[in-house]
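Here are the chains, one letter per residue:
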Amino acid sequence: MYILGIETSCDETAAAVVNGKKELLSNVVFSQLKIHKPYGGVVPEFASRNHLKKINTVIGQAIREAGIKLSDLNAISVTYKPGLVGSLLIGISTAKALAYALNIPLIGINHIYGHIYANYVNDNRKKFPGIALVVSGGHTSLFLCRGHNKFSLLSQTRDDAAGEAFDKVSKSMNLGYPGGPLIEKMAKAGDPGAFKFPSARFKKGNKLDFSFSGLKTAVWCTYNKNINVKNFNLHDLAAGFQKSVVDTLVRNTFESANRYKIKSILLSGGVASNSSLREAMQEKAKKEGLDLFCPPKEFCTDNGAMVAVAGAYKFKKGMKFEFGLEPDAAF
Ligand code: KG4
Ligand code: ZN
């Protein structure tokens, strides 16, 4: 069995192939980073135009590198939400045309669940029941995963996503885009204790919810207040900000594991490639006697492999082509 996974929800045009054992045979990602960089963020119209330009080449390469022919495919999985509607539309239309021409099932994948399945790329160890933290540019959410495709949302951010906070803080410090890797690099040479930022915690409503907009503003104010001060160290500021984000993510994740008596934690999403977050999670998991799963960094940011693997776990014999699949901006 061969399943092709297609991902075009934001600014990566990606395709991958897995076999029946859910082994990854190919994984092709065309990043539009250079195109959007001058604008300091993703320009939706440019994103969809460039998906359209690249999608056939990327799929062709994924099929070739997997050592198969298009006609060998048994199903196609594609991200259909959440994301930029124009971008999703390119992936969905291409997937529909291919599935129709090959007369094989089309499987719609929720991008957020796709991120969770990045933990199953070339790794079929049992991880459920588990608590999954998805930290990306658009989402910061915790899920209770009872089993495959049995996920319930426990909490999410009430304002900015963690990745969004990294990007905005980086922009306000004139470091560039995308902010995550740049802040991480800056923070490496900084003292996380030099600037202490509180971690937002809710008294009302869901206590496991996240908030990063107050922190973002606090970092911005500190930057503006100190920028002309002698010996002001930008590395320290980056480290202080990163520590606050990491502390919040670790605290809420382990509190939910405790609350639901879960022994397994799954990280995913672009921010999960942050070394400081990975180390802090690992340390806490060891202390608490929990298992921590975290995909290799290349599978944390958007990719086709996670969509192909999620498709493989969703695929059932006798499945039909989903004609009605439509893009959706919301989760
Ligand atoms: O999952 P992803 O590739 O796309 C979305 O679904 O949003 O995540 C992109 C986000 C960006 O906000 C980026 O700044 C952040 O992940 N990111 C990082 C790191 N690498 C990427 N954040 C912190 N540390 C990193 N090393
Ligand atoms: Zn993503």
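Note that residues are indexed from 1 along each chain, following the sequence as it is written. Written order decides the labels, with chains lettered from A and ligands numbered from 1. Local features in this predicted model are restricted to residues of pLDDT 70 or higher, and side-chain atom pairs are both shown and tallied only at a pLDDT of 80 or more, whereas totals for entire chains, interfaces and linings draw on every residue. To get the side-chain values, all heavy atoms of the structure are used, and hydrogens and water are removed first.

### Comments concerning the coordination of the zinc ion (ligand 2)
Geometry reference: four tetrahedral donors at a metal, ideal angle 109.5 degrees. Six octahedral donors, ideal angles 90 or 180 degrees.
Thinking step 1. Only nitrogen, oxygen and sulfur atoms within 2.8 Å of the metal, or 3.2 Å for Na, K and Ca, are treated as donors, and water is left out, so sites may look incomplete. The coordination sphere of the zinc ion (ligand 2), as far as protein atoms go, consists of His 111 (NE2), His 115 (NE2) and Asp 302 (OD), spread over 2.0 to 2.1 Å.
Thinking step 2. In this scheme the shape depends on donor count and angles: four donors with every angle between 85 and 135 degrees give tetrahedral, four or six donors with opposite pairs above 155 degrees and others between 65 and 115 give square planar or octahedral in turn, and any other case is irregular. Relative to the metal, the four donor atoms surrounding the zinc ion (ligand 2) lie at angles of 96 to 134 degrees, and the coordination shape comes out tetrahedral.
Thinking step 3. The sequence pattern describing where the donors of the zinc ion (ligand 2) fall on their chain is H-x3-H-x186-D. Here the residue His 111 and the residue His 115 both occupy positions in helix 4 (residues 111–117), the gap between them amounting to four residues, near one helical turn. Like His 111, the residue His 115 is buried in the burial classification. Here a strand is any run of E in DSSP of at least two residues, a helix any run of H or I of at least four, and the numbering for each starts at the N terminus. The buried label goes to any residue with under 20% of its type's maximum accessible area, the exposed label to any with over 50%, and the partly exposed label to all in between, with areas taken from a 1.4 Å probe on protein chains only.

### Observations regarding the packing of helix 5 (residues 162–172) against helix 6 (residues 179–188)
Thinking step 1. Helix axes use the C-alpha atoms of the stretch in contact, all axes being lines fitted to C-alpha atoms, and the angles between their N-to-C directions lie in the range 0 to 180 degrees. Packing of helix 5 against helix 6 brings their axes to within 8 Å, and their N-to-C directions diverge by 65 degrees. Viewed along their axes, helix 5 and helix 6 adopt a mutual orientation that is roughly perpendicular. Here helix 5 runs over helix 6; the crossing is left-handed. For the pair formed by helix 5 and helix 6, the contact residues are Phe 166, Asp 167, Val 169 and Ser 170 on the first element and Gly 179, Gly 180, Leu 182 and Ile 183 on the second. Oblique is the label for every angle not falling under 35 degrees (roughly parallel), over 145 degrees (roughly antiparallel), or within 65 to 115 degrees (roughly perpendicular). Left-handed is the label given to a crossing in which the near helix is rotated counterclockwise from the far helix by less than a right angle, and right-handed is the label when the rotation is clockwise. Between two residues, a contact is recorded if the distance between any of their heavy atoms is within 4.5 Å.

### What about the site of ligand 1?
Thinking step 1. Near residues are defined by distance, with any heavy atom within 4 Å of the molecule or strand qualifying the residue. Surveying the vicinity of ligand 1 reveals 21 residues, the closest of which are Gly 137, Asp 167, Glu 184, Gly 270 and Asn 274.
Thinking step 2. Polar contact is the term for a pair of N or O atoms within 3.5 Å; when the atoms are in protein, one must be able to donate a hydrogen and the other to accept it, and sequence-neighboring residues count only if both atoms are side-chain atoms. In the environment of ligand 1, an oxygen atom lies 3.1 Å from a nitrogen or oxygen atom belonging to the backbone of Gly 163.
Thinking step 3. Take Ser 273: an N or O atom from its side chain is 3.3 Å from a nitrogen atom of ligand 1.
Thinking step 4. For ligand 1, the protein covers 88% of the area, taking 560 Å² as the surface of the free molecule.
Thinking step 5. When residues of the shell around ligand 1 are traced back to their parent elements, those giving at least two are helix 4, helix 5 and helix 6.
Thinking step 6. When residues in the shell around ligand 1 are grouped by element, the largest group, four residues, is from helix 6. The accessible surface values rely on the Shrake-Rupley method and a 1.4 Å probe; as for residues, cover is taken only from the protein chains in view.

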